[in-house]
Amino acid sequence: MKRRRVLIVDDSEINRRILYRILAEDYDLTEAENGVRALEAMQGAAEEISAVLLDIVMPVMDGYEVLRAMRQDAALSQIPVIVTTGNTEEGAEVKALSLGANDFIVKPYNPAVIKHRLGNTIN
C-alpha cells in the first residue's frame, strides 16, 4: 500500500523535527518553514498530499493566511488541515476552524494524540 504524504509547516525546526520523529514511521513527510513555502510545496502536488500539519504563528505568511489561500483554491481546498500551535487562546482555535481547519492540536505534542487525529482526519 502506498504511504500517505503529510506536509509539516512550522517555522521552528525543532517542532518540525519532533513531528518528523513522531510520524516518519507511518508517513512520507515534506516540510516547509513558512506559509509561502507551504503553498509552493502544495502547488501541482495537491493530489499527493493527504494532510497538512500547519502552525499558525510564522513569519512571511502565517497559518491563517495559508488557510485562506487554500480554501480559495479548488485543488488545495480538498486537503485536510490540522492546525498545530502553542497559542492556547480560545479565539485562535475558533478562527482556525472557521477558516476551514479540520482539527486543532495545542503544543506540546502528545505523539499518540497526533497519530490518531491525523489518521482520523485522513480517513
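It should be noted that the structure appears before, not after, this text.
These lines cover the structure that appears in this document, whether it is placed above or below. Keep in mind that this is a model prediction, so the values were computed, not measured.

What to know about the pattern of salt bridges
1) Next: Counted by the stated rule, this structure contains nine salt bridges.
2) Next: A salt bridge links R3 to D28; the nearest nitrogen and oxygen atoms lie 3.0 Å apart. Highlighted residues: R3 in the segment before β1 (5–9) and D28 in strand β2 (residues 28–32), separated in sequence by 25 residues.
3) Next: A relative accessible area of 34% means that R3 is categorised as partly exposed.

What about the environment of M42?
1) Next: Considering the arrangement of structural elements, one finds M42 in helix α2 (residues 35–42).
2) Next: Assessed through its relative accessible area of 0%, M42 is described here as buried.
3) Next: In this view, M42 contacts L7, I49, V52, V66, M70, L76 and I79; residues no more than four positions away in its chain are not counted.

So, the environment of S12
1) Next: Along the chain, S12 turns up in the loop between β1 and α1 (13–23).
2) Next: C-alpha of S12 to C-alpha of V57: the two residues are 45 residues apart in sequence and 9.9 Å apart in space.

Looking at the sheet that holds strand β3 (residues 49–55)
1) Next: Strands sit in the order β2-β1-β3-β4-β5 across an open sheet of five strands; the sheet is parallel. What marks the edges here is a single partner per strand, and that holds for β2 and β5 (103–106). Between one strand and the next, the sheet's axes are offset by a mean angle of 20°, whatever the strand orientation.
2) Next: With five bridges joining them, β1 and β3 adopt parallel strand pairing. Bridge pairing in β3 links L7 to V52.
3) Next: The strands touched by α2 are β1, β2 and β3; relative to β1, the strand with the most contacts, the crossing angle is about 160°.
4) Next: On the sheet, helix α3 (residues 63–71) packs against β3 and β4 (81–85) and is oriented at approximately 150° with respect to β3.

Things to note about the side chain of D55
1) Next: By the element assignment, D55 lies in strand β3.
2) Next: In this structure the side chain of D55 is engaged in a polar contact, spanning 3.4 Å, whose partner is the side chain of K107.

Things to note about the packing of aromatic side chains
1) Next: All told, the structure shown has zero aromatic pairs when counted by the stated rule.
2) Next: The ring of Y20 carries R17 above its face, with NZ or CZ at 5.5 Å from the centroid.
3) Next: Note that K95 overlies the ring of Y64, its terminal NZ or CZ placed 4.2 Å from the centroid.

Reading guide: rules and limits
Residues numbered from 1 in each chain as written. Predicted model: local features only at pLDDT ≥ 70, side-chain atom pairs only at ≥ 80, totals over all residues. Heavy atoms only, no water. Salt bridge = Lys/Arg side-chain N within 4 Å of Asp/Glu carboxyl O. Helix = DSSP H or I, 4+ residues; strand = E, 2+ residues; numbered from the N terminus. Buried < 20%, exposed > 50% of the residue type's maximum accessible area, 1.4 Å probe, protein only. Contact = heavy atoms within 4.5 Å. Pairing = 2+ DSSP bridges. Axes fitted to C-alpha atoms, helices over the stretch in contact; angles between N-to-C directions. Polar contact = N/O pair within 3.5 Å; in protein donor to acceptor, adjacent residues only side chain to side chain. Phe/Tyr/Trp six-rings, centres within 6.5 Å; stacked < 30°, edge-to-face > 60°. Lys NZ or Arg CZ within 6 Å of the ring centre and 35° of its normal.

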